[in-house]
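As a plain string of letters, each chain reads:
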Amino acid sequence: MLKLIYEKSVKGRKGYFLREDSYKEISLKDCIPEYALSRTKKELPEVSEVGVVRHFTALSKLNYGLDDGFYPLGSCTMKYNPKLNEHLALLDNFIYAHPCVDEDFVQGSLQVMYELNQYLSEITGMDQFTLSPAAGAHGELTGVLIMRKYFMDRGELRHKMLIPDSAHGTNPASAAMAGFNVVEVKSNERGGIDLAELRKLMDEDTAGLMLTNPNTVGLFDENIEEIAKVVHSKGGLLYYDGANLNALLGIARPGDAGFDIAHLNLHKTFSTPHGGGGPGAGPVGVKKHLIQYLPTPIVSYNGGKYFFEDVGEKSIGRLRAFFGNFSVLLKAYMWILSMGDEGLKETAETSIINANYVMSKLKKFYKPVYDRFCMHECVLTGREYKEYGVKTLDIAKRLMDYGFHPPTIYFPHFEPYAKETIMIEPTESESKENIDLFIDAMIKIAEEIKTNAEIVKQAPHTTPVSRPDEVLAVRNPTLIFKEINEDR
Ligand SMILES: *Cc1c(COP(=O)(O)O)cnc(C)c1O
C-alpha cells in the first residue's frame, strides 16, 4: 500500500543525525525576526532520511514523462529535448548570475539574450522581441496590451477582439484581461477562418484578430494573406499565437504573412521540457511600428557592450520583475545554434510527416475532423464508437494500459465539427517504430471496442488509480490508492 508521507510519520523520528557535542542549541527567535515566526506548530511528517528517499523514489516511478515514452499530447509539442541543453543551462556562471549584478559582470548572459532576440526575429520575420513573458498566455497578455496601447496612442477607441471558435482558451482570456470584448469568428467547412464572416465582423471598433496558424486543429489556413488584408483594411492588427510554430520553422514566417505581433512558446518548440507548470517563456515579437510599445527594458548592443535599454515613454511598462525565465531562453538559444538553418527546417518537416503518417494509418478507425493534409498534429474522433457506449475518454484511458500517454482529447470542442476529438501530435523526435507501436495500440483498441467494450470502458487496469471522480478530484483532491507493492 502506497501511503502518504504523513501516514509514515513516527513521533520523534528524525531525518538527520548530528553529534551532540558538535553544536549548541539556540532559540529560533535569535535567527528569525519576530514577525516572520509562525505562531502555530506545523504538522510536519517525522520520517527517517531513507524513508524520505524511498517514498519519493516510489512516487517518481508512478510518473509518466517524456523520458519514459511516447507523449503525443496535441497542442503541447511534448518532444524530446537534448539533455546537452539542460547541462549547459546549469553551468555555474549562468545559474549564479544575480539579476541585480552590474551589467559588466554578465556580458555573456546579455549577449545570449541579445542574439536570441535576433534569431527569433529571423525565424519569425518580426523586427524586435521582448523576452520577458513567462508563458504563452503571458505573451498573449503582453501582445494585447501592446494593441491597446497602440490604439490609445492613435486616439482610437476600439472595444472588440476577434478570435476564431477553434482558438486555445487562453486567447479569449487574455483579450478579456486587457479589457476587450471577445467576438467569435466561425470556422468554415475546411477548418479555416470563414472569410465572409470575418469581413462582416471586422470593423473600426475591432482591435484585430488573434490567430493560430497552423491552427488548433492542425491545419494551415491558406487564406492567411486575404485574412491579413481584411484585418488591416479596417486599421486592425493581426496577432499570431505561435504555439504551433513547430510546424513552420524554416518553412514560413508569420512576419511575412502579415502578422504584426507574435508570441512563441519556447517550452513547446524550442527545447524546454514542460508540463507540471513551468518554467516556460513566451517571448513576443513585433513589427517596427510597434517596437515603441514593447515592455521595458530590452537588451541592446553598442558595438562594445551589451546593456539594458529603456524602451521609452510609450512602453506598456514592466511586465515582471527582472528579465524573463533566463534558463529557458538559454536552452532555446543553444537549441537554435545546434540545429542550424537546415536542422530547424527538418524539425518542421519531420513533425508534419509524422502527423500525416499517423492520420493516414488511423483514419479508417477514427474519423478525422477534417480529412485533408494536416500540419504537425492531426485531429481524429472516436464518434463512431458511441454506439458501443464508448467515449473518447475511455479510448484515452485504455491507451495507458498499452503504455502510452494519452493524446489531448475533447479539444478543440467547437460545434459542429469537433465532437469526441482525439488530437495527436507525434512531434519530430519519435522514431517510426515508436509511432507504429502507438498506431497498433489505437487499432487494437478500436477492435476491442467491437468485441469487448467493457475492457475499454473500465480502463485503465494497470495504474494505481483507475478512474478518479473527476469533479471530486478537482474540488477535493484526496486520492484513494489501490493496493500496490511499494517495492515494485
Ligand atoms: C499552449 C498554448 C497556449 C498557451 O501557452 P502557455 O505557455 O501554456 O500559457 C496558447 N495557444 C495555443 C494554441 C497553445 O497550444
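One can find the structure itself at the top, above this paragraph.
Since the model is a prediction, treat every value here as computed from it, not as a measurement.

Here we look at unusual backbone geometry
Part 1 of the reasoning: A cis amide bond links phenylalanine 411 to the next residue, proline 412, at an omega of -15°.
Part 2 of the reasoning: With respect to the helices, strands and loops of the structure, proline 412 is situated in the loop between strand E11 (408-409) and strand E12 (421-424).
Part 3 of the reasoning: Note that the residue after glutamate 415, namely proline 416, is joined by a cis bond; omega there is -5°.
Part 4 of the reasoning: As for its placement among the helices and strands, proline 416 is situated in the loop between E11 and E12.
Part 5 of the reasoning: In this model, threonine 77 sits at a positive phi of 50°, which is unusual for a non-glycine residue.
Part 6 of the reasoning: The phi dihedral of threonine 427 falls on the positive side, at around 65°, and the residue is not glycine.
Part 7 of the reasoning: Looking at the element boundaries, threonine 427 is found in the loop between E12 and helix H12 (432-451).

With respect to the side chain of glutamate 377
Part 1 of the reasoning: Positionally, glutamate 377 belongs in the loop between helix H10 (326-362) and strand E10 (378-381).
Part 2 of the reasoning: Buried charge glutamate 377 goes without a salt bridge, the closest partner of opposite sign being lysine 268 at 8.6 Å.
Part 3 of the reasoning: In terms of polar contacts, glutamate 377 uses its side chain to reach the backbone amide nitrogen of serine 75, at 2.6 Å.
Part 4 of the reasoning: Setting aside residues no more than four positions away along its own chain, glutamate 377 makes contact with Gly74, Ser75, Asn215, Thr216, Val217, Gly218, Asn244, Ala355, Met423, Ile424 and Glu425.

Section: the side chain of lysine 331
Part 1 of the reasoning: Positionally, lysine 331 belongs in helix H10.
Part 2 of the reasoning: At a separation of 3.3 Å, a polar atom in the side chain of lysine 331 contacts the side chain of glutamate 86.
Part 3 of the reasoning: When residues no more than four places from it in sequence are discounted, the contact partners of lysine 331 are Asn85, Glu86, Ala89, Phe270, Ser271, Thr272 and Pro273.

Considering the sheet that holds strand E2 (residues 160-164)
Part 1 of the reasoning: Taken in spatial order, the seven strands line up as E1-E7-E6-E5-E4-E2-E3 in an open sheet, and their pairing is mixed. A single partner strand is all that each edge strand has here, and the edge strands are strand E1 (128-130) and strand E3 (181-185). Sheet twist, expressed as the average angle between the axes of neighbouring strands with direction ignored, equals 25°.
Part 2 of the reasoning: Of the strand pairs in this sheet, strand E5 (residues 237-242) and strand E6 (residues 261-264) are connected by four bridges, and their pairing is parallel. By the bridge assignment for E6, tyrosine 240 is matched with alanine 262.

Quick word on the site of the ligand
Part 1 of the reasoning: Contacts to the ligand come from 14 residues, most closely from Ser75, Gly136, Asp241, His267 and Lys268.
Part 2 of the reasoning: One of the side-chain N or O atoms of serine 75 is found 2.8 Å from an oxygen atom in the ligand.
Part 3 of the reasoning: In the environment of the ligand, an oxygen atom lies 2.8 Å from a nitrogen or oxygen atom belonging to the backbone of alanine 137.
Part 4 of the reasoning: Burial of the ligand by the protein amounts to 87% of the accessible area it has alone, namely 380 Å².
Part 5 of the reasoning: The element contributing the most residues to the shell around the ligand is helix H5 (residues 136-153), with three residues.
Part 6 of the reasoning: The class makeup of the residues in the shell around the ligand is three nonpolar, eight polar and three charged.

Focus: the environment of arginine 199
Part 1 of the reasoning: Following the sequence through the fold, arginine 199 ends up in helix H7 (residues 195-201).
Part 2 of the reasoning: Residue arginine 199 is classed as partly exposed on the basis of its relative accessible area of 44%.
Part 3 of the reasoning: A sequence separation of 96 residues divides arginine 199 from proline 295, and the C-alpha atoms of the two residues are 32 Å apart.
Part 4 of the reasoning: Ignoring any residue separated from it by four or fewer positions in sequence, one finds arginine 199 in contact with Glu226 and Val230.
Part 5 of the reasoning: There is a polar contact of 3.2 Å between the side chain of arginine 199 and the side chain of glutamate 226.

Comments concerning the sheet that holds E10
Part 1 of the reasoning: Judged by pairing direction, the sheet is antiparallel, and its three strands sit side by side in the order E10-E12-E11 without closing on themselves. Here the strands that pair on one side only, and so sit at the sheet edges, are E10 and E11.
Part 2 of the reasoning: Taken together, the two bridges between E11 and E12 define a ladder with antiparallel strand orientation. Its bridge partner being in E12, isoleucine 409 is matched across the sheet by isoleucine 422.
Part 3 of the reasoning: With respect to the sheet, H10 is in contact with E10 and E12, its orientation differing from that of E10 by roughly 20°.

Quick notes on the rules
- Residues numbered from 1 in each chain as written.
- Predicted model: local features only at pLDDT ≥ 70, side-chain atom pairs only at ≥ 80, totals over all residues.
- Heavy atoms only, no water.
- Helix = DSSP H or I, 4+ residues; strand = E, 2+ residues; numbered from the N terminus.
- Buried < 20%, exposed > 50% of the residue type's maximum accessible area, 1.4 Å probe, protein only.
- Lys, Arg positive; Asp, Glu negative; His and termini not counted.
- Salt bridge = Lys/Arg side-chain N within 4 Å of Asp/Glu carboxyl O.
- Polar contact = N/O pair within 3.5 Å; in protein donor to acceptor, adjacent residues only side chain to side chain.
- Contact = heavy atoms within 4.5 Å.
- Pairing = 2+ DSSP bridges.
- Axes fitted to C-alpha atoms, helices over the stretch in contact; angles between N-to-C directions.
- Near = heavy atom within 4 Å.
- Areas by Shrake-Rupley, 256 points an atom, 1.4 Å probe, with all protein chains shown as cover.
- Nonpolar A, V, L, I, M, F, W, Y, C, P; charged D, E, K, R; others polar.

By themselves, these are just geometric observations and shouldn't be taken as functional.
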